[in-house]
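# Residue-level structural notes
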Amino acid sequence: MKVEERHLHSMTQEQCSHRNNVQSSEKAQVYKVGIYGWRKRCLYFFVLLLMILILINLALTIWILKVMNFTIDGMGNLRITEKGLKLEGDSEFLHPLYAKEIHSKPGRPLFLQSSRNVSVNVVNSNNQLLTQLVTGSSGFKARGKMFEVKSTSGKLLFSADEQEVVVGAERLRVMGAEGAVFSKSVETPHVRAEPFKELRLESPTRSLMMEAPKGIQVLAEAGDIQAICRNELRLESKDGEISLDARRIRLMRLPEGKASTSSSSGTRQTVYEVCVCANGRLFLSQAGTGSTCQISNNVCL
């Protein structure tokens, strides 16, 4: 019995020592799971940097929403309504604007401003220009087949096309000091000056011609009529006559014919007769008991 107890005791000691050796070997072979050292510090740094960027991005987004005034109805001065887009205040477009209609507020003017020019173009389906309106620093330009200006009642005030220019107003007033200049002819049924003003038709370097198929009437009810020229003044009627109807007709500076034989009369001559040459020239001749035109016709030569 003692021998068996010793044997069991020795076996128990061997098993305990074997277990201790196994446990010590298991403890020696345990591996640590995770990130340690500089890798852990880098991970924490990147996580912190990402959080900072997220906060900055969120703050910028909130700031942009606040500055641009984003709301449920629109953005800033832009509002979305049932009728379309509504802009309040000044608006600037950096790219082309396509719209069917542009209206201002009721009772407010529509103001278009540009640093260079403002162009309004109308094109067809083939993108060909039909009508153009340009306002720029060089002036105002309009391009099209016809240009019309009408009053509020619909009356035509001004019209221009390739054939003619029509002024529909009751009076055309030219305020320039040089008046109106026409390179070609002027066709009108009536030329009249303003009340208490003179009517003056003048051609400084060329001739002035007035033609009418039936007649020309020159009328001055409260003044004089003067026709002044440098070379010739011609009144011509092809089928009719020229009438000078006045209480007094004066022919100034007519040449005086000289008689072929000197008169023995020493008295001063005050009465003359008007003579007509074959070429139509008028001259004065001393009046006598008979006609003296035949003896004083040296002027007609």
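Values in this document were obtained by computation on a predicted structure and should not be read as measured data. (Residues numbered from 1 in each chain as written. Predicted model: local features only at pLDDT ≥ 70, side-chain atom pairs only at ≥ 80, totals over all residues. Heavy atoms only, no water.)

With that out of the way, let us pick up the pattern of salt bridges. In the structure shown here, the tally under the stated rule is one salt bridge. For Lys150, the salt bridge identified is with Glu148, shortest N-O distance 3.8 Å. Judged by relative accessible area, which is 38%, Glu148 ranks as partly exposed. (Salt bridge = Lys/Arg side-chain N within 4 Å of Asp/Glu carboxyl O. Buried < 20%, exposed > 50% of the residue type's maximum accessible area, 1.4 Å probe, protein only.)

This part is about the side chain of Ser285. Inspection of the secondary structure assignment puts Ser285 in strand β11 (residues 282-286). A polar contact is formed between the side chain of Ser285 and the side chain of Thr292, at a distance of 2.5 Å. (Helix = DSSP H or I, 4+ residues; strand = E, 2+ residues; numbered from the N terminus. Polar contact = N/O pair within 3.5 Å; in protein donor to acceptor, adjacent residues only side chain to side chain.)

What follows deals with the layout of surface pockets. Computed from the structure, the second largest pocket encloses a volume of approximately 2300 Å³. In terms of lining, the second largest pocket is formed by 42 residues, of which the most central are Leu87, Phe93, Leu97, Ile102 and Leu112. Mapped by element, the contributors of at least two residues to the lining of the second largest pocket are β3 (85-87) and β4 (117-123). Among the elements that make up the lining of the second largest pocket, the one with the highest residue count is β4 (five residues). Considered class by class, the residues forming the lining of the second largest pocket number 19 nonpolar, 14 polar and nine charged. (1 Å grid on protein atoms, 1.4 Å probe; cavity = no way out; pocket = protein on both sides within 12 Å on 5 of 7 lines; lining within 4 Å. Points joined across faces, edges and corners; volume = space filled by probe spheres on them. Nonpolar A, V, L, I, M, F, W, Y, C, P; charged D, E, K, R; others polar.)

Where a protein is soluble and globular, its nonpolar side chains tend to be buried together. Within the largest apolar cluster, five residues are counted, these being Cys275, Cys277, Phe283, Cys293 and Val299. Beyond its immediate stretch of four places on either side in the chain, Cys293 contacts Glu273, Cys275, Phe283 and Ser285. (Core = buried A, V, L, I, M, F, W, Y, C linked by side-chain atoms within 4.5 Å. Contact = heavy atoms within 4.5 Å.)

Taken as a whole, this structure holds two disulfides when the rule is applied. Here Cys275 engages in a disulfide with Cys293; their sulfurs sit 1.8 Å apart. Where Cys275 bonds to Cys293 through sulfur, the torsion about that S-S bond is close to -75°, and the disulfide is left-handed. Within this pair, whereas Cys275 is found in strand β10 (residues 272-276), its partner Cys293 is found in the segment after β11, the two being separated by 18 residues in sequence. (Disulfide = S-S within 2.5 Å.)

Glancing now at the sheet that holds β4. The strand order β4-β5-β6 describes an open sheet built from three strands, whose pairing is antiparallel. At either margin of the open sheet sits one strand with a lone partner, and together these are β4 and β6 (139-143). For this sheet, the mean angle separating the axes of adjacent strands, direction not counted, is 5°. Relative to strand β5 (residues 129-136), β4 is paired through seven bridges, and the arrangement is antiparallel. Note that in β5 the partner of Val123 across the bridge is Leu129. (Pairing = 2+ DSSP bridges. Axes fitted to C-alpha atoms, helices over the stretch in contact; angles between N-to-C directions.)

Right, let's get into the pairing of β6. For β6, the tally of buried residues reaches only zero of five residues, placing the bulk of the element at the surface. One ladder, built from five bridges, connects β5 with β6; its direction is antiparallel. Residue pairing for β6: Gly136 is matched across the bridge by Gly139. The turn joining β5 and β6, which pair antiparallel and follow one another in sequence, is formed by two residues.

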